[in-house]
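Residues per chain are reported as follows:
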Amino acid sequence: MKPLKSLSGITNWLLRIAVALFMFSAFWNTIINISFSSFSWHLLLVILYVLCGIMLLIGGFRSNNSWTIIAGIGIALLSCYFAYFAYNGSWFNAAMSVYIFPFAIGLYFAANGK
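Residues numbered from 1 in each chain as written. Predicted model: local features only at pLDDT ≥ 70, side-chain atom pairs only at ≥ 80, totals over all residues. Heavy atoms only, no water.

Novice: Which residues make up the overall build of the chain, and what values do they have?
Specialist: Within the chain, the regular secondary structure consists of five helices and zero strands. Listing each helix as α and each strand as β along the chain from the N terminus yields α-α-α-α-α. Projected onto the principal axes, the alpha-carbon positions of the chain cover approximately 50 × 35 × 20 Å. By residue count, 31% of the 114 residues in the chain fall in the buried class. In the chain, once contacts between residues fewer than 6 apart in sequence are set aside, the share between residues at least 24 apart is 68%. Element-wise, carbon and sulfur atoms account for 72% of the exposed surface of the chain, whose accessible area totals about 7,400 Å². (Helix = DSSP H or I, 4+ residues; strand = E, 2+ residues; numbered from the N terminus. Buried < 20%, exposed > 50% of the residue type's maximum accessible area, 1.4 Å probe, protein only. Contact = heavy atoms within 4.5 Å. Areas by Shrake-Rupley, 256 points an atom, 1.4 Å probe, with all protein chains shown as cover.)

In structure tokens form, the structure reads like this:
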């Protein structure tokens, strides 16, 4: 059986949308309740993580691959950061393993571009 290469464009967009939806659903309350009086590095990285998700979406509309590659690298690195802090001594932790998917998708777009 041959692979369905005609679906690759749709799957790339579905991956982009899935990452953006994950970021907004995971960090919506954090973004909405921003308090600049108690600004921290963690909050800055959350904002950067969501911006990388938005850049990944916008990069799909651009003619060059630079936004997609930069966003993919950012998503992969920040997913490692969030997975590290979600680690509680067990690799079979749902809170930590949920960051494996954005990490893999970020690496995919960093390696392949569009």
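Next comes the rest of the description.
Novice: If you had to explain the packing of aromatic side chains to someone new, which residues and values would you point to?
Specialist: The tally for this structure, following the rule as stated, stands at eleven aromatic pairs. Relative to F82, the ring of Y49 lies with its centre 5.0 Å away and its plane at 55 degrees, an arrangement referred to as tilted. Here Y49 is found in helix 2 (residues 41–59), whereas its partner F82 is found in helix 3 (residues 66–86), with 33 residues between them in sequence. Judged by its relative accessible area of 0%, Y49 falls in the buried class. The class for F82 is buried, based on a relative accessible area of 4%. Relative to F85, the ring of Y81 lies with its centre 4.8 Å away and its plane at 65 degrees, an arrangement referred to as edge-to-face. Here the residue Y81 and the residue F85 both occupy positions in helix 3, the gap between them amounting to four residues, near one helical turn. Residue Y81 is classed as partly exposed on the basis of its relative accessible area, which comes to 24%. The rings of F22, F27, Y49, Y81, F82, Y84, F85 and Y99 are connected pair by pair, giving a single aromatic cluster. Note that R16 overlies the ring of W13, its terminal NZ or CZ placed 5.2 Å from the centroid. (Phe/Tyr/Trp six-rings, centres within 6.5 Å; stacked < 30°, edge-to-face > 60°. Lys NZ or Arg CZ within 6 Å of the ring centre and 35° of its normal.)

Novice: Now, about the packing of helix 1 (residues 8–32) against helix 5 (residues 100–112): what can you tell me, with residues and values included?
Specialist: Direction vectors running N to C along helix 1 and helix 5 enclose 135 degrees, while the axes themselves pass 11 Å from each other. If you check the angle between helix 1 and helix 5, you find them oblique. Here helix 1 runs over helix 5; the crossing is left-handed. Each of N12, L15, R16, V19 and F22 in helix 1 lies in contact with helix 5, whose residues at this interface are P102, I105, Y108 and F109. Here the contact of helix 1 with helix 5 is composed, by residue class, of seven nonpolar, one polar and one charged. (Axes fitted to C-alpha atoms, helices over the stretch in contact; angles between N-to-C directions. Parallel < 35°, antiparallel > 145°, perpendicular 65-115°, else oblique. Left-handed = near helix turned anticlockwise from the far one by under 90°. Nonpolar A, V, L, I, M, F, W, Y, C, P; charged D, E, K, R; others polar.)

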